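Structural features, examined
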Amino acid sequence: MNHQLIPRAAVGLILAAVLAACGGGSTTTGGDSTAPATSTTLSGTAATGAPFAGADVSIIDRTGAVVGTGKTLADGSYSITLNAGAAAPFVLRAVRDDLTLVSMAADTTNTTVNITPITNLIASRLTTSGDPAKLAAEMQADPTLLSSVKVNAKVDEIVAMLKPLLDAIGAAANPLTGKFAADGTGSDRVLDSLSIKITPESASTTNIEVSIRQATTDGVQPQPVQFSNASATITALPAVNVADLVKPGTTPLIAALLAKMNSCYALAAADRVNTPDTNNVAAGDIKATACKEMFYNNDPSTFKNNGRVVGSSSAFSSIFRSTGNNLVFDRGTYEFTRSNGDIVVGYRSTDSSGNETTDSFAVRPDNLATPTKLQQIGNQYDYDGGIKPYHQLRTFVNQPASDYYSTGYVPAVSNTLNGSNNPIFGKVVVTTPRGGTLVLKPKTGFNMLQLVKAAGTPQEVVSGSSFLRLRSVYVSADKAGQDPADADTKLFFSFQKFADAEITGFAQQGVWKFDYYLAANAGATPDATQHYRTRARALSIGELKQQAFANLTPSLVTDLVAESSANGYFAAPLAPDSVNLDWVVGTGALAPTGLTVWGFRSGIGFNDSVTVKSTARTGTILCVKKSNADVHCTGSVVNAASSYASGSQLNGMHLFARDPSGREYAHFYATYSIGAGSD
């Protein structure tokens with residue numbers, strides 16, 4: 001297949017979609033000189049805990065007209081003078097990247113209007129659909145939707161729900177109209193302490209969860225409040241121990257850490273380390289003070305995360321590489337506090353070419369009682385692990401009627417090798433938040449441990465998947481009521497069939513336990529136990545259908561069909577060629593940052609992956625030998641890239657992306673067919 005086999009440089013261009021609103025309102029820096037003396041200015045704070053800095057703010061009046069625009073400042077504040085003739089009520093939108101926060105003003109009696117996740121929640125309760133993004137359109141159709149009586153009633157409802165948290169912190173200000181600063185204290189500490197997830201499931205249904213971000217003992221599950229837009233009433237949050245909440249002033253400390261990291265990466269690689277762009281260099285090679293100060297006790301050797309320490313071929317390898325020059329970290333958010341007092345922080349990183357990555361890291365305060373700074377420490381775990389809410393659109397290029405959606409979780413553990421290039425793990429037993437158990441084991445040819453079917457029985461088999469599918473539904477309405485698990489039998493599906501309503505009942509921050517058994521351990525006691533917490537739950541199928549996916553180019557799909565239609569697979573390219581994929585990212589889709597191909601040789605499965613830049617629209621995947629027993633590559637060196645061995649066949653590939661909350665999405669393209677007569 002020529003389209004796929006010719007190597008090309010991975011070059012891409014991302015077009016940033018910028019919200020451009022009409023209207024002659026002033027910006028945040030001053031009043032409109034043409035406005036009459038009686039003009040009205042709305043101002044307030046946009047924040048998520050951290051200042052919602054650099055957001056585009058637009059104000060829409062009852063007619064649907066944009067009557068003022070502006071931008072939030074570094075501290076999250078804004079001030080916008082309304083156009084003459086602007087007619088109340090008003091909907092305010094603050095947009096930054098892929099996050100939109102909504103607020104409202106019934107009239108101009110109070111000109112302070114904050115824009116936060118709490119006002120977004122109030123907006124959700126005011127709409128008939130539960131989707132804050134639809135509030136402006138619904139207001140235009142029925143301006144009484146935002147009468148002062150209705151707005152005040154919903155503010156009171158949300159305040160009553162939040163009362164245990166508000167009382168614990170001592171925050172008495174009105175969340176919509178009370179003045180506050182995004183400094184991690186008072187009302188801003190309330191925002192830091194809240195996780196509010198509003199997830200549309202259809203045009204008329206939205207699922208909502210509110211929970212408290214706080215320190216908990218390992219293994220203890222959170223107690224969220226869950227409801228939908230159809231809920232007439234909502235219950236209050238559980239009792240709060242203020243000692244378990246994020247410390248006052250944490251938001252500025254997170255910002256200071258990111259600024260310190262940026263000052264490190266602003267240096268040239270030769271100024272950061274003694275021997276730049278060299279493999280297998282340890283933490284002691286870091287020489288720049290700004291880089292050392294990123295880490296706990298100003299010592300990079302204190303860092304450990306999932307067994308990885310700082311080094312040019314390990315954690316924070318970008319410090320040692322010229323490609324890390326001018327890497328920028330921002331969008332820092334408090335996520336939760338670990339049982340030992342360490343803090344998990346969400347962030348975005350952007351390289352000099354504009355490629356973005358979102359993830360989280362664990363940092364440690366210098367003083368648990370009264371912290372003055374935060375520094376990188378990692379989770380201090382010895383082994384790899386993690387739990388990912390995972391979603392897939394599975395497209396069958398030779399059998400379109402069998403396309404289906406799946407939602408669930410990936411318990412992710414790398415197939416780590418010892419010095420002899422053999423797997424170190426015998427198995428990993430995973431306990432779900434609801435007490436169920438899963439078993440992961442190594443499988444030749446795969447870089448991650450795979451889920452085990454019928455574990456511990458004579459019928460035990462290691463699957464070729466690490467994706468626990470809780471629910472799967474065909475795309476085609478003609479297959480309504482049929483279960484893809486009955487047709488795609490080689491994958492791993494939950495034995496319990498979960499309904500959407502059950503999935504939406506899962507906690508956003510669910511805690512999963514991983515018990516690690518090394519290869520030599522045949523006993524019942526694990527060698528290590530590690531706990532992982534999600535930052536968001538898996539979506540229901542209804543919610544997943546609202547998410548757009550990136551797609552392979554039509555010409556590549558045509559080539560895949562031509563090469564695989566005869567038997568459901570095609571020969572992997574031989575040297576000097578490699579696997580090349582091209583894709584497009586449509587409106588609302590996340591840009592892929594990872595590519596994977598699946599295949600088999602001599603009846604043994606394998607996969608190969610590569611990380612790509614978010615701006616890329618083409619990428620190359622090389623063959624990588626996973627262990628001594630792996631024979632699908634020509635090379636003899638484990639973990640080294642080479643070409644595919646003759647006889648290697650490919651039958652699947654995917655485009656992978658992750659959103660800021662940690663949810664992962666994959667558009668999988670299968671060349672094989674499923675169901676009766678497919679073998």
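Worth saying up front: this structure is predicted, and the values here are computed from it rather than measured.

Reading the values: the criteria
- Residues numbered from 1 in each chain as written.
- Predicted model: local features only at pLDDT ≥ 70, side-chain atom pairs only at ≥ 80, totals over all residues.
- Heavy atoms only, no water.
- Helix = DSSP H or I, 4+ residues; strand = E, 2+ residues; numbered from the N terminus.
- Rg over C-alpha atoms; globule rule 2.2 N^0.38 Å.
- Buried < 20%, exposed > 50% of the residue type's maximum accessible area, 1.4 Å probe, protein only.
- Contact = heavy atoms within 4.5 Å.
- Areas by Shrake-Rupley, 256 points an atom, 1.4 Å probe, with all protein chains shown as cover.
- Lys, Arg positive; Asp, Glu negative; His and termini not counted.
- Charge placed at Lys NZ, Arg CZ, Asp CG, Glu CD.
- Axes fitted to C-alpha atoms, helices over the stretch in contact; angles between N-to-C directions.
- Parallel < 35°, antiparallel > 145°, perpendicular 65-115°, else oblique.
- Left-handed = near helix turned anticlockwise from the far one by under 90°.
- Nonpolar A, V, L, I, M, F, W, Y, C, P; charged D, E, K, R; others polar.
- Salt bridge = Lys/Arg side-chain N within 4 Å of Asp/Glu carboxyl O.
- Arc of directions from axis to C-beta.
- Domains from an automatic or database assignment.
- Buried area = accessible area lost by both parts, 1.4 Å probe.
- Polar contact = N/O pair within 3.5 Å; in protein donor to acceptor, adjacent residues only side chain to side chain.
- Pairing = 2+ DSSP bridges.
- Disulfide = S-S within 2.5 Å.
- Phe/Tyr/Trp six-rings, centres within 6.5 Å; stacked < 30°, edge-to-face > 60°.
- Lys NZ or Arg CZ within 6 Å of the ring centre and 35° of its normal.
- pLDDT = per-residue confidence, 0-100.

Focus on the overall build of the chain
Helix and strand counts for the chain stand at eleven helices and 34 strands. Here the C-alpha radius of gyration of the chain, 26 Å, is about what a compact globule of 679 residues would show, namely 26 Å. Considered along the principal axes of its C-alpha atoms, the chain spans approximately 80 × 60 × 50 Å. Within the chain, the proportion of its 679 residues that are buried is 53%. The contacts in the chain between residues at least 6 apart in sequence include a share of 64% that link residues at least 24 apart. Per element, the accessible surface of the chain, about 27300 Å² overall, is 53% carbon and sulfur. Each charge sign in the chain was given a centre, from 51 positive and 54 negative side chains, and these centres are 3 Å apart.

Describing the packing of helix H2 (residues 117-126) against helix H4 (residues 148-169)
It is at 9 Å that the axes of H2 and H4 come closest, and there the two elements cross at 125 degrees. With respect to H4, the element H2 is oriented oblique. As for how H2 packs across H4, the hand of that crossing is right-handed. Of H4, the residues touching H2 (which contributes Ile118, Leu121, Ile122, Arg125 and Leu126) are Lys150, Val151, Lys154, Val155, Glu157, Ile158, Met161 and Leu162. When the residues that make up the contact of H2 with H4 are grouped by side-chain class, the tally is nine nonpolar, no polar and four charged.

Comments concerning the pattern of salt bridges
Side-chain pairing between opposite charges can occur once the charged atoms of the two side chains come close. Here the structure, examined in full by the defined rule, presents 23 salt bridges. Put simply, aspartate 97 and arginine 348 hold a salt bridge, and the shortest N to O gap is 3.1 Å. Here the residue aspartate 97 occupies a position in the loop between strand E5 (90-96) and strand E6 (99-105), and arginine 348 occupies one in strand E13 (residues 343-350), the gap between them amounting to 251 residues. Note on aspartate 97: relative accessible area 46%, which makes it partly exposed. A salt bridge links arginine 331 to aspartate 330; the shortest N-O distance between them is 3.7 Å.

Side note on helix H11 (residues 554-564)
Where H11 is concerned, the buried positions are Leu556, Leu560 and Ser564. Across the axial projection of H11, the buried residues extend over an arc of 50 degrees, all falling on one side. Across from the buried face of H11, at angles greater than 90 degrees, the exposed residues are Pro554, Thr558 and Ala562.

Here's the deal with the domain arrangement of the chain
When the parts of a complex come together, some accessible area is lost, and that lost area is often taken as the interface size. Each assigned domain of the chain is listed here: domain 1 (41-241), domain 2 (250-376), domain 3 (405-535) and domain 4 (550-670). Domain 2 and domain 4 are separated by 31 Å when their C-alpha centres are compared. On the domain 4 side, the residues contacting the seven residues of domain 2 number eight residues. The three residues of domain 2 that bury the most area against domain 4 are Asn355, Glu356 and Thr358, which together make up 70% of that side's buried surface. Between the two partners, domain 2 and domain 4, sit one salt bridge. Between aspartate 359 and arginine 658 there is a salt bridge whose closest N-O contact spans 4.0 Å. Put simply, domain 2 and domain 4 have four residue pairs in polar contact (both at pLDDT 80 or more) between them.

A few points about the sheet that holds strand E23 (residues 511-518)
The sheet built from six strands is open, its strands ordered E21-E20-E19-E18-E23-E24 with antiparallel pairing. A strand with exactly one partner marks an edge of an open sheet, and here the two such strands are strand E21 (461-462) and strand E24 (528-533). Across two bridges, the pairing between strand E20 (residues 450-453) and E21 is antiparallel. Bridge pairing links lysine 453 to valine 461 in E21.

What about the side chain of serine 129?
Along the polypeptide, serine 129 turns up in the loop between H2 and helix H3 (135-141). Judged by its relative accessible area of 4%, serine 129 is buried. Looking at serine 129, its side chain comes within polar contact range of the main-chain nitrogen of aspartate 131, at 3.2 Å. Ignoring sequence-local partners within four residues, the contact set of serine 129 consists of Lys134, Glu138, Ala203, Ser204, Thr205, Thr206 and Asn229.

Some details on the pairing of strand E4 (residues 77-81)
Buried residues dominate E4, accounting for four of its five residues. As paired elements, strand E1 (residues 41-45) and E4 share five bridges and run antiparallel to each other. Of the residues in E4, the one forming a bridge with threonine 45 is serine 77.

Here's the deal with the state of the cysteines
Considering all chains together, one arrives at two disulfides under this definition. Covalent S-S linkage joins cysteine 264 and cysteine 291, the inter-sulfur distance amounting to 2.0 Å. On the S-S bond that ties cysteine 264 to cysteine 291, the torsion sits near 90 degrees, and the link is right-handed. With cysteine 264 in helix H6 (residues 250-265) and cysteine 291 in helix H8 (residues 289-292), this residue pair connects regions lying 27 residues apart in the sequence. Note on cysteine 264: relative accessible area 0%, which makes it buried. By relative accessible area, cysteine 291 is classed as buried at 0%.

As for the pairing of strand E12 (residues 328-337)
Within E12, seven of the ten residues are buried, which leaves the element mostly enclosed by the surrounding structure. Here seven bridges tie E12 to E13, and the two strands are oriented antiparallel to one another. Each residue of the ladder has a partner; that of valine 328, found in E13, is threonine 350.

Here's the deal with the packing of aromatic side chains
Applying the stated criterion to the full structure yields 22 aromatic pairs. Taking the centre distance of 5.1 Å and the plane angle of 70 degrees together, the rings of phenylalanine 514 and tyrosine 532 count as edge-to-face. Here phenylalanine 514 is found in strand E23, whereas its partner tyrosine 532 is found in strand E24, with 18 residues between them in sequence. Take phenylalanine 514: its relative accessible area is 0%, and that puts it in the buried class. Classification of tyrosine 532 as buried rests on a relative accessible area of 9%. The interplanar angle of 75 degrees and the centroid separation of 6.2 Å between the aromatic rings of phenylalanine 549 and tyrosine 665 together place this pair among those described as edge-to-face. Of this pair, phenylalanine 549 sits in the loop between helix H10 (541-544) and strand E25 (551-552) while tyrosine 665 sits in strand E34 (residues 664-670), placing them 116 residues apart in sequence. Taking relative accessible area as the criterion, tyrosine 665 reaches 5% and is therefore assigned buried. In this structure an aromatic cluster arises from ring pairing among Tyr381, Tyr383, Phe425, Phe514, Tyr516 and Tyr532. For the cation-ring pair, arginine 364 lies above tyrosine 296, with the distance from its terminal atom to the ring centre recorded as 5.3 Å. Over the ring of phenylalanine 668 we find arginine 394; its NZ or CZ atom is 3.7 Å from the centre of that ring.

Observations regarding the packing of H4 against helix H5 (residues 186-193)
The packing of two helices is summarised by the inter-axis angle and the distance between the axes. Their axes nearest at 10 Å, the elements H4 and H5 cross at an angle of 130 degrees. With respect to H5, the axis of H4 lies oblique. The handedness of the crossing between H4 and H5 comes out as right-handed. The segment H4 lies against H5, with Leu165, Leu166 and Ile169 engaging Gly186, Arg189, Val190 and Ser193. Its residues assigned to classes, the contact of H4 with H5 shows four nonpolar, two polar and one charged.

Focus: the confidence of the model for the chain
Per-residue pLDDT for the chain averages 92, and the proportion of residues at 70 or more is 94%. Every residue in residues 1-37 is under pLDDT 50, and counting partners more than four places away or in other chains gives 81 contacts.

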